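# Geometric and topological summary
The chain contents come next:
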Amino acid sequence: MSTTPPPRPVTPDLPPARAEQDAGTEQDAGTGAFGWLRALGPGGRRAFAGAFGGYALDSYDYFTLPLSMVALAAYFGLDSGQTGLFTTVTLVVSAVGGAAAGVFADRVGRVRALMITVVTYAVFTVACGFAPDYETLLVFRALQGLGFGGEWAVGAVLVAEYASARHRGRTLGAVQSSWAVGWALAALVYTLVFSFAGDGLAWRVMFWTGALPALLVVWLRRRVHDAPRATAEREQSARRGSFTAIFRTGGDDGPGLLRTTVFAVLLSTGVQGGYYTLATWVPTYLKTERGLSVVGTGGYLAFLISGAFLGYLTGGHLTDRLGRRRTIWLFALLSAVCTLAYAHIPHGADTLLLVLGFPLGFCMSAIFSGFGSYLSELYPTAVRGTGQGFTYNTGRAVGAVFPTLVGFLADGWGVGGALVFGAVGYGLAALALLGLPETRGKELT
């Protein structure tokens, strides 16, 4: 396979020189706070905007469920185990959607796959608002997971292939920060909707607002293109989009990817098991065990989410400075400590609960900042979407067991006590790093 593919324009009317500029892979000299953004080039910045918007709205559609959990449980008469199953089903099916989207991205392009994932999660989020019973809502939520699973992996690969090695960590960290933006938007809409509508209608309205992402697709279709150099390299490979390739052991033709895939799945499982435990159950914990109102819960979540936003940005910078492995290990440790502390705050110490929400959100989000760059760098161009989509979303599916276990344990331990289980996931992530290499500074073609 050639390592020096010919220049390839993004569109017929875009000259090769401009395409090379848009690719941004050699623009390694950006300086200042936003040097990483300038280094992307025009095409890269459009790709960044598309991935940022897609992931923010992905986050918004995801959080319509956890924020509506108490109202849904009351409306359908559900116990903690049944409500926890909503999250587990969403995340398990997201593994299928994420793996399929990764293969599709390798075979027909990143942007096309991105548009399909956005449409899928938007359509089925809206459908959830029309569900007449628990079983139907469970099915619609599962189908929403198909799109939810694919969006991040595809968007991260799209931006990673535009970013330079010097700036890739902070660039992908900035994309990751859009999750906090979508979370904040969902919390704001939740506060408004549940303040002015009865719980029986409010949860449906929350899901109906999930139609917003469909507007993004129109812009994506007209403005965003795949990175040209990576596209040329990918299209020359006979193994692009191959599951077999990411499970191959080493041979005469070079090292295999099996070890990388196994340990990347374990890493993703641990981080996401811890994260989704907290993201799913903290709103319920604040309302049921701490006795907070809708507005009060929104206020406490504001501290958690603001910490998350800064965590994503800070973690991105640290992955470029300290390396991928050191940064993930550091925040795995800090996330476990913060989770244990948050779950054991004594009743009546609500000010401490409020303040500790900031470092908890910061640490549990900063650990994700390196994922986009790290997973992209672990796989070659021809199977980058497949590898990233499979490992991230398989980890998400296995990690989805954590919220359900917390739901069942909550009946005996209380939600606060059961949240401690999330710290186990961060321990698993730290161990998984022992089997993976450092990739800081690696160029992507």
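Shown above is the structure to which this text applies.
First things first, this report covers the structure right here in the doc. In this text the structure is predicted, and so the values were computed from the model without any measurement. All chains use their own residue numbering, which begins from 1 and follows the written sequence. pLDDT decides what is reported in this predicted model: residues at 70 or higher carry local features, side-chain atom pairs at 80 or more are listed and counted, and totals for whole chains, interfaces and linings draw on all residues regardless. Only hydrogens and water are set aside when side-chain values are computed; all heavy atoms of the structure are taken into account.

Runs of E in the DSSP output that reach at least two residues are strands. Runs of H or I that reach at least four are helices, and both are numbered from the N terminus. Check the secondary structure of the protein chain and you find 19 helices and 0 strands. Each residue gets one of three labels from its accessible area relative to the maximum for its type: buried under 20%, exposed over 50%, partly exposed in between, using a 1.4 Å probe on protein chains only. Burial status across the protein chain gives 61% buried among its 445 residues. Contacts were defined at the residue level, with two residues in contact if any of their heavy atoms lie within 4.5 Å. The contacts in the protein chain between residues at least 6 apart in sequence include a share of 83% that link residues at least 24 apart. About 16,000 Å² of surface is accessible on the protein chain, with carbon and sulfur atoms providing 67% of the total. Each accessible area is a Shrake-Rupley result for a 1.4 Å probe, and residues are judged covered by the shown protein chains and nothing else.

Salt bridge, as used here, is a side-chain nitrogen of Lys or Arg placed within 4 Å of a carboxyl oxygen of Asp or Glu. Applying the stated rule across the entire model yields 7 salt bridges. For Arg110, the salt bridge identified is with Asp106, shortest N-O distance 2.6 Å. Residue Asp106 is classed as buried on the basis of its relative accessible area, which comes to 0%. Its salt-bridge partner being Arg110, residue Glu161 comes within 2.6 Å of it at the nearest N-O pair. One end of the pair, Glu161, is in the loop between helix 6 (134-160) and helix 7 (168-196); the other, Arg110, is in helix 5 (residues 110-128), with 51 residues separating them in the sequence. Through salt bridges with shared partners, a single network forms among Arg168, Arg170, Asp320, Arg324 and Glu377.

On to helix 14 (residues 324-343). In this analysis, the expected span of each helix is defined as 1.5 Å times one less than the number of residues it contains. Look at helix 14: 29 Å from first C-alpha to last across 20 residues, which is about the 28 Å you get at 1.5 Å a residue. The set of residues buried in helix 14 consists of Arg324, Thr327, Ile328, Phe331, Ala332, Ser335, Ala336, Cys338, Thr339, Tyr342 and Ala343.

In plain words, nonpolar cores are sets of buried Ala, Val, Leu, Ile, Met, Phe, Trp, Tyr and Cys residues tied together by side-chain atoms within 4.5 Å. Counting residues in each nonpolar core, the largest one holds 114 residues, and the members touching the most others are Phe63, Leu137, Trp179, Leu267 and Tyr275. Ranked by residues supplied to this core, first place goes to helix 3 (residues 41-76) with 14 residues. Excluding its chain neighbours within four sequence positions, the residues that come into contact with Trp179 are Tyr55, Asp58, Ser59, Tyr62, Phe63, Phe148, Tyr275, Tyr276 and Tyr312.

Turning next to the environment of Gln388. The topology assignment puts Gln388 in helix 17 (residues 384-399). Residue Gln388 is classed as buried on the basis of its relative accessible area, which comes to 0%. Sequence separation of Gln388 and Leu375 is 13 residues, and the distance between their C-alpha atoms is 5.6 Å. Setting aside residues up to four positions removed in sequence, Gln388 forms contacts with Trp152, Ala153, Ala156, Val157, Gly372, Leu375, Ser376, Tyr379 and Asn393.

Put simply, helix 3 and helix 8 (residues 199-208) touch, their axes get as near as 9 Å, and they point 160° apart. Judged by the angle between their axes, helix 3 and helix 8 are roughly antiparallel. In the crossing of helix 3 with helix 8, the sense of the turn from one axis to the other is left-handed. On the side of helix 3, the interface is formed by Tyr60, Thr64, Leu65, Ser68, Ala71, Leu72, Tyr75 and Phe76, while helix 8 contributes Asp199, Gly200, Trp203, Arg204, Met206 and Phe207. Residues that form the contact of helix 3 with helix 8 fall into these classes: 9 nonpolar, 3 polar and 2 charged. Axis definition: a line fit to C-alpha positions, over the contact stretch in the case of helices; interaxial angles, taken between N-to-C directions, run 0 to 180 degrees. Orientation is classified from the angle alone, with under 35 degrees giving roughly parallel, over 145 giving roughly antiparallel, 65 to 115 giving roughly perpendicular, and any other angle giving oblique. Note on convention: the crossing is left-handed when the near helix lies turned anticlockwise from the far helix by less than a right angle, right-handed when the turn is clockwise. Residue type decides the class: Asp, Glu, Lys and Arg count as charged, Ala, Val, Leu, Ile, Met, Phe, Trp, Tyr, Cys and Pro as nonpolar, and the leftover types, Gly among them, as polar.

A separate point is the side chain of Thr339. You can see Thr339 is positioned in helix 14. Residue Thr339 is classed as buried on the basis of its relative accessible area, which comes to 1%. Two N or O atoms form a polar contact when they lie within 3.5 Å of each other; inside protein one atom must be a possible hydrogen donor and the other a possible acceptor, and for residues adjacent in sequence the pair counts only when both atoms belong to side chains. At a separation of 2.8 Å, a polar atom in the side chain of Thr339 contacts the main-chain carbonyl oxygen of Ser335.

Let us look at a nonpolar patch on the surface. Grouping into patches uses exposed residues only, defined as over 30% relative accessible area, and leaves out salt-bridged ones; the cut-off is 9 Å for like charges and 5 Å for nonpolar side chains (Val, Leu, Ile, Met, Phe, Trp, Tyr). Side chains of Leu185, Leu188, Leu192, Phe196, Leu212 and Leu215 sit close together on the surface and give an oily, nonpolar patch of about 650 Å² of accessible area. Counting residues per element, the nonpolar patch draws most heavily on helix 7, at 4 residues. The residue Leu192 is located in helix 7 in this model. Leu192 gets classed as partly exposed once you look at its relative accessible area, which sits at 45%.

What follows is about the environment of Ala232. With respect to the helices and strands, Ala232 occurs in helix 10 (residues 228-235). Residue Ala232 is classed as buried on the basis of its relative accessible area, which comes to 6%. Separated by 149 residues in the primary sequence, Ala232 and Thr381 have C-alpha atoms spaced 9.8 Å apart.

Before going further, it helps to spend a moment on the environment of Phe303. Relative to the assigned elements, Phe303 resides in helix 13 (residues 294-321). Measuring from C-alpha to C-alpha, the distance between Phe303 and Gly357 comes to 5.6 Å, with 54 residues separating the pair along the chain. Beyond its immediate stretch of four places on either side in the chain, Phe303 contacts Leu354, Gly357 and Phe358.

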